Amino acid sequence: MDPILEIKNLCIDFKTNRGIIRACDDVTVNFNRGDIIGIIGESGSGKTTLASGILKTVRAPGRIASGEILYHTPNGETIDLLKLSEHEYAKHRWTNITTVFQAAQNVLNPTLKIKEHFIETAMAHDTDKKFTKKQILEKAAMLLSQVRLEERILNSYPHQLSGGMKQRTIIALSLLLEPDMIILDEPTTALDVITQWYIIDILRKIHEETGITMIFMTHDVSIIGSVVDRIGVMYCGQMVEYGKVEDVFLKPSHSYTYGLMNAVPSLKDDITKRKAIAGYPPNLLELPKGCRFGPRCFLSKEGLCQSEEINITDMVDVGNEQLTLCPHWKKVKEQCH
Ligand SMILES: Nc1ncnc2c1ncn2[C@@H]1O[C@H](COP(=O)(O)OP(=O)(O)OP(=O)(O)O)[C@@H](O)[C@H]1O
């Protein structure tokens with residue numbers, strides 16, 4: 001185990017007219033250096049909020065209410081990212097921790113050529129003026145070839161590129177300063193399925209070559225299932241399960257994960273065998289007593305989970321580093337045989 005990030009009891013709130021929404025509720029999880037990690041969950045489950053907590057980009061009406069995010073830097077330091085000032089965090093953004101998100105294509109300035117984006121990004125962080133423009137452009141061309149784009153697009157404007165090309169350009173740009181962690185929040189959602197797979201394949205190759213830690217936030221289990229080492233499952237702001245992908249997919253220990261896995265369509269099997277999870281996630285301002293998934297859970301008819309006393313705040317290790325919030329995980333696992 002070589003953790004790059006240790007997230008401890010992270011709580012992030014949004015103040016709304018109707019009350020305070022806890023969009024990230026007591027999340028505790030460790031991410032290992034060099035892993036590809038997938039965080040999955042339905043819309044509104046808190047994936048983007050968790051990403052913005054790590055990136056320290058939570059803005060009003062949101063605020064980080066409590067918790068720690070310990071980042072182990074490549075040179076052996078341990079830093080609580082939440083204790084850093086905006087200025088101090090800026091030293092790590094791009095150089096150590098970087099991001100690509102769904103609407104990332106809009107971050108390209110329409111009035112600048114692609115090469116100017118690379119030069120500006122490098123110059124902004126190269127305070128010692130170590131690199132010449134020529135060196136930056138050589139590196140940019142190498143990164144563009146990694147994302148399977150030709151060097152000539154350095155002379156293009158963003159509007160001359162397709163959506164998929166823009167997203168690949170952003171990925172290349174995000175790797176410019178050789179970060180050791182990249183957070184990808186729905187990086188392919190706005191793209192067609194073929195382009196999505198193409199970009200996932202590119203990211204897989206980059207990971208193979210660089211060993212960079214990748215954290216994918218997505219609602220699309222089928223897209224990331226084949227690339228990730230570990231999966232975290234979010235529901236109503238909580239991390240309800242975390243473990244190695246094969247365990248979480250094949251032997252889930254939370255009935256929400258079990259439901260998700262049975263709901264995901266596959267090209268290979270009979271679509272009529274897929275079963276949507278009954279009901280909807282609750283409103284975060286009106287959470288049910290006990291387990292938040294209780295009203296939708298196939299075990300709940302046994303009346304096990306609606307008590308306020310039930311411990312659904314601490315994840316338990318069910319073996320093989322698989323963690324779950326469900327105290328009745330053995331019953332969930334029995335369903336998988
Ligand atoms: N700026 C905001 N103001 C108020 N509530 C917010 C804000 N941003 C997020 N939330 C609330 O926080 C909860 C989690 O949202 P978040 O965007 O993190 O979910 P998500 O899992 O990333 O969803 P999606 O896949 O749709 O992006 C939601 O209930 C959402 O309404």
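Residues numbered from 1 in each chain as written. Predicted model: local features only at pLDDT ≥ 70, side-chain atom pairs only at ≥ 80, totals over all residues. Heavy atoms only, no water.

Colleague: Any details on the sheet that holds strand β8 (residues 213-218)? Residues and values, ideally.
Modeller: Read from one edge to the other, the open sheet built from eight strands follows the order β6-β7-β8-β3-β9-β10-β12-β11, with strand pairing classed as mixed. Whereas interior strands pair on both sides, the edge strands pair on one side only; in this sheet they are β6 (97-101) and β11 (316-317). Pairing geometry for strand β10 (residues 238-244) and strand β12 (residues 323-324), over two bridges, is antiparallel. Counterpart to E241 in the pairing with β12 is T324. Where helix α6 (residues 193-210) meets the sheet, it contacts β3 (36-40), β7 (181-185) and β8, and its direction lies at approximately 155° from that of β8. (Pairing = 2+ DSSP bridges. Helix = DSSP H or I, 4+ residues; strand = E, 2+ residues; numbered from the N terminus. Contact = heavy atoms within 4.5 Å. Axes fitted to C-alpha atoms, helices over the stretch in contact; angles between N-to-C directions.)

Colleague: Now, about the domain arrangement of the protein: what can you tell me, with residues and values included?
Modeller: Split into domains, the protein comes out as domain 1 (3-228) and domain 2 (238-335). Taken together, the contact pairs 25 residues of domain 1 with 18 residues of domain 2. The contact between domain 1 and domain 2 buries some 1,700 Å² in all, and 62% of this surface belongs to carbon and sulfur atoms. Run the count over domain 1 and domain 2 and you get three salt bridges. (Domains from an automatic or database assignment. Buried area = accessible area lost by both parts, 1.4 Å probe. Salt bridge = Lys/Arg side-chain N within 4 Å of Asp/Glu carboxyl O.)

Colleague: So what about the packing of helix α3 (residues 114-125) against helix α5 (residues 163-174)? Which residues, and what values?
Modeller: Relative orientation of the contacting elements α3 and α5 amounts to 25°, with a least axis distance of 10 Å. On the basis of their axis angle, the class for α3 and α5 is roughly parallel. Here the hand of the crossing between α3 and α5 comes out right-handed. Judged by residue contacts, I114, H117, F118 and T121 of α3 engage T169, A172 and L173 from α5. Its residues assigned to classes, the contact of α3 with α5 shows four nonpolar, three polar and no charged. (Parallel < 35°, antiparallel > 145°, perpendicular 65-115°, else oblique. Left-handed = near helix turned anticlockwise from the far one by under 90°. Nonpolar A, V, L, I, M, F, W, Y, C, P; charged D, E, K, R; others polar.)

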